[in-house]
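Examination of the molecular architecture
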Amino acid sequence: MYDVAKIREDFPILARTVYGKPLVYLDNGATTQKPRVMVDALVGEYYSVNANVHRGVHYLSQQATELHEASRETVRRFINARSTNEIVFTRGTTESINLLAATFGEEFMQEGDEVILSVMEHHSDIVPWQLLAARRGIAIKVIPMNDRGELLLDEYERLFSERTKIVCVTHVSNVLGTENPVKEMIATAHAHGVPCLIDAAQSIPHLRVDVQDLDADFLVFSAHKVYGPTGVGVLYGKEEWLDRLPPYQGGGEMIQHVSFEKTTFNELPFKFEAGTPDYIGTTGLARAIDYVTALGMDEIAAYERGLTDYALQRLREIPEMRIFGEAIQRGAVISFLVGHIHHFDMGTLLDRLGIAVRTGHHCAQPLMQRLGIEGTVRASFALYNTKEEVDALVAGISRVSKMF
Ligand code: PMP
């Protein structure tokens, strides 16, 4: 039995009020709240284990190293990677993509080469490739979508050319909620001899993600969106690819031997982990993964699907409601506008009722352009949200609508 009332007790912040009203936190796409076990693990490690990892001969350093490397194993198991060599710790999704764009671009892309992105990418999967485009003279091709917010797979096929070097696509859109058919899209890329990066920032908290089943070449996500701490993320890469990429940043940890004449680099995954890693944060990520794993990713997915369906049905009852993203396969994100009410006004007034939603372009301005709007109001759900909170959102929107 999925006992949401009991689950909520694990998240102390959910008991607080804002403006004297119970908090209804529906901004989980931006970041999730934290279970007590995760925060306790951070504090516990600082108080009882803290020491820099990897180089120390002393007891604490070895213990900290063991915890850090055990966290890597927890991540490996969570996404079913073949080896911990394929799990690179970064600062987050954004850094993971920047790492990949810089190193892949340097090794494999020449002027005139092409990268394929989708129209619903987050800026963090657009701008790194644009920076590369400016430096290297590569071209960006864009997979279009239909009005329901589903990518057009025929058009996708047609974008491939001799010069296509990589495909990068989001698993779940942070605006439309669309769950893209990434397994099929990866297979298409492979049929053209091209690797594929999956941005799993919005899928990893909600779905079972299996990199071997997907056959993803690269997959990235952030700890803070899956109930872990800020400042930690993951770049998964197939070993055969990571081995062929040059280092990203230089510094300690990522070297084997340094002299002023010649430096040799460390093995995977350390080649990409220059400097002191956030070894406390990786413990936090591992405890967050333990937490969702104990609840069951399939149970979480089923619960959130029910909640999202309920929210869609209730929201559609509101006069002049426009929902952006009507994909058949979708995640726990709903973007909308009501009549001519500006998204910012709606968000601000909902906030006064204790309801936290996000407003604006959601770091997806090209998608806003495609939709012909400047921004939306976005409600995004997590494993601890309830039908009562959806009802509060619907009542809040109705109240704001009447004011206009
Ligand atoms: N990709 C997607 C789809 C996202 O939703 C986000 C966060 N909004 C990011 C990338 C960037 O994640 P971060 O800011 O944690 O690096």
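Keep in mind that this is a model prediction, so the values were computed, not measured.

The rules we used
Residues numbered from 1 in each chain as written. Predicted model: local features only at pLDDT ≥ 70, side-chain atom pairs only at ≥ 80, totals over all residues. Heavy atoms only, no water. Pairing = 2+ DSSP bridges. Helix = DSSP H or I, 4+ residues; strand = E, 2+ residues; numbered from the N terminus. Axes fitted to C-alpha atoms, helices over the stretch in contact; angles between N-to-C directions. Contact = heavy atoms within 4.5 Å. Polar contact = N/O pair within 3.5 Å; in protein donor to acceptor, adjacent residues only side chain to side chain. 1 Å grid on protein atoms, 1.4 Å probe; cavity = no way out; pocket = protein on both sides within 12 Å on 5 of 7 lines; lining within 4 Å. Points joined across faces, edges and corners; volume = space filled by probe spheres on them. Nonpolar A, V, L, I, M, F, W, Y, C, P; charged D, E, K, R; others polar.

Let's shift gears to the sheet that holds strand S14 (residues 333-338). Strand order in the open sheet formed by four strands is S13-S14-S17-S16, with antiparallel pairing between adjacent strands. Each edge of the open sheet carries a strand with a single partner, namely strand S13 (321-324) and strand S16 (358-360). For this sheet, the mean inter-axis angle between neighbouring strands, taken without regard to orientation, is 30°. Summarising the sheet, S13 and S14 pair through four bridges and their orientation is antiparallel. The residue of S14 that forms the bridge with Arg 322 is Leu 337. Those strands touched by helix H11 (residues 297-316) are S13 and S14, and its axis lies near 145° from that of S13.

Another aspect to go through is the environment of Ser 173. Structurally, Ser 173 is set in the loop between strand S7 (164-170) and helix H7 (182-191). In the structure, Ser 173 is positioned 51 residues away from His 224 in sequence and 17 Å away in space, judged by C-alpha atoms. Sequence-distant contacts of Ser 173, defined by excluding residues within four places in its chain, comprise Met 120, Thr 178, Val 333 and Leu 367. Looking at Ser 173, its side chain comes within polar contact range of the main-chain nitrogen of Leu 176, at 2.9 Å.

Taken as a whole, the largest pocket spans an internal volume of roughly 440 Å³. Forming the boundary of the largest pocket are 26 residues, of which Gly 29, His 122, Asn 174, Lys 225 and Cys 363 lie nearest the centre. Secondary structure elements with two or more residues in the lining of the largest pocket: helix H4 (93-108) and S16. Sorting elements by how many residues they give to the lining of the largest pocket places H4 first, with three residues. Taken together, the residues of the lining of the largest pocket sort by class into five nonpolar, 15 polar and six charged.

Scope: geometric values only; no functional claims are made or implied.
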